[in-house]
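# Topology and contacts: notes
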Amino acid sequence: MAELVFFSGTMDSGKSTLALQTDHNHAARGRTGLIFTRDDRAGAARLSSRLGLEVDAREVADDTDFWELVAAERQAGRLVDYLVCDEAQFYSPLQIEQLARLVDEVEIDVFAFGITTDFRTRLFPGAARLFELADRIEELQVPALCWCGARGTHNARTVGGVMVLEGDQVVVGDVAGAPEAQVAYEVLCRRHHMRRMTTDVARRQGSGDALLDLG
Ligand SMILES: Nc1ncnc2c1ncn2[C@@H]1O[C@H](COP(=O)(O)OP(=O)(O)O)[C@@H](O)[C@H]1O
Ligand SMILES: Cc1cn([C@H]2C[C@H](O)[C@@H](COP(=O)(O)O)O2)c(=O)[nH]c1=O
């Protein structure tokens, strides 16, 4: 039976890598899939992993209708066995419902990958709908770590090196950015997210609870 699976984790937890591996393994067994993403850091219509792999993908837009799109593929005589959907937190709730309908009514597997919460620790609408509708939620197994060594659970946004809790929900960016970058992200444990204690703050304060060598 087809499934809607949501592979969720923080930024930098290996989701895009797993998306590429998932596509590879299914394609290697002769299945035909479509790869989607939205606002990947590598640019439009690309799915990129920090491990260096990058492939072409279909860019999801506000008006993308997954149901119509798959119907058009099938009418053109092209098989669709599965969908790989990266950055699924950016999809609308309606688009997540279209994905669930494809699973239930057309028996297409949907593998969705995305972060759950934004920089304010609030669920993205697409992630919330996935939590509500998915057959399975899979947590990524190799977590990004907070600077203190604890499992990273929350995504912090910095603007000019300072952690912020105000701003647009969607601002494409990376965890690898220089601390003074205009917009950058850092994965923290909840305790340090709540205290707004990024690596930079901990280093400046010479934090007593630092477990890792901050360099
Ligand atoms: N140079 C490296 N060597 C080994 N693993 C790396 C390297 N760079 C990144 N990674 C791994 O890649 C992960 C990020 O993968 P990626 O698929 O881009 O994450 P996500 O899509 O969740 O943001 C990191 O957590 C780390 O485990
Ligand atoms: C927390 C948070 C993240 N984003 C953006 C930043 C990145 O472009 C993507 C996440 O990509 P990844 O492959 O999981 O690293 O989401 C955002 O727009 N708003 C946020 O609050």
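Parameters at a glance
Residues numbered from 1 in each chain as written. Chains lettered and ligands numbered in written order. Predicted model: local features only at pLDDT ≥ 70, side-chain atom pairs only at ≥ 80, totals over all residues. Heavy atoms only, no water. UniProt positions renumbered as here; feature names shortened; annotations may be inferred. Helix = DSSP H or I, 4+ residues; strand = E, 2+ residues; numbered from the N terminus. Buried < 20%, exposed > 50% of the residue type's maximum accessible area, 1.4 Å probe, protein only. Contact = heavy atoms within 4.5 Å. Pairing = 2+ DSSP bridges. Axes fitted to C-alpha atoms, helices over the stretch in contact; angles between N-to-C directions. Domains from an automatic or database assignment. Buried area = accessible area lost by both parts, 1.4 Å probe. Salt bridge = Lys/Arg side-chain N within 4 Å of Asp/Glu carboxyl O. Parallel < 35°, antiparallel > 145°, perpendicular 65-115°, else oblique. Nonpolar A, V, L, I, M, F, W, Y, C, P; charged D, E, K, R; others polar.

Below, the discussion takes up the UniProt feature "active site" (unreviewed entry) in the protein chain. According to UniProt, the "active site" (unreviewed entry) feature falls on Glu87. Secondary-structure assignment places Glu87 in the loop between β6 (82-85) and α3 (93-106). What makes Glu87 buried here is its relative accessible area of 13%. With near-sequence residues (within four places) excluded, Glu87 lies in contact with Thr37, Arg38, Asp40 and Phe113.

Now for the sheet that holds strand β1 (residues 4-8). Pairing is parallel across the open sheet formed by six strands, whose spatial order is β5-β2-β6-β7-β1-β8. With one partner strand each, in any of the chains shown, β5 (58-59) and β8 (136-139) form the two edges of the open sheet. Strand direction decides the pairing type here: strand β2 (residues 33-37) and β5, joined by two bridges, are parallel. In the strand pairing of β5, Phe36 is matched with Arg58. Relative to β2, helix α2 (residues 66-75) is tilted by about 150°, and along the sheet it contacts β2, β5 and β6. Packed onto the sheet, helix α4 (residues 125-133) meets β1, β7 (109-114) and β8 and runs at close to 130° relative to β1.

Once that is clear, we can look at the domain arrangement of the protein chain. Domain assignment breaks the protein chain into domain 1 (4-139) and domain 2 (154-214). Of note, the centres of domain 1 and domain 2, computed from C-alpha atoms alone, are 27 Å apart. On the domain 2 side, the residues contacting the 17 residues of domain 1 number 18 residues. Buried surface at the junction of domain 1 and domain 2, both sides included, amounts to about 1,500 Å², of which 64% is carbon and sulfur. Remark: the boundary between domain 1 and domain 2 carries two salt bridges. For the salt bridge of Arg41 with Asp174, the shortest nitrogen-to-oxygen distance reads 3.6 Å.

This brings us to the packing of α2 against α3. When two helices pack together, you describe them by how their axes are tilted relative to each other and by the distance separating the axes. Following both chains from N to C, one finds α2 and α3 inclined at 45°, their axes separated by 8 Å at the closest point. With respect to each other, α2 and α3 are oriented oblique. Facing α2, whose interface residues are Phe66, Trp67, Val70 and Arg74, α3 presents Gln95, Gln98, Leu99, Arg101, Leu102, Glu105 and Val106. Counted by class, the contact of α2 with α3 contains six nonpolar, two polar and three charged residues.

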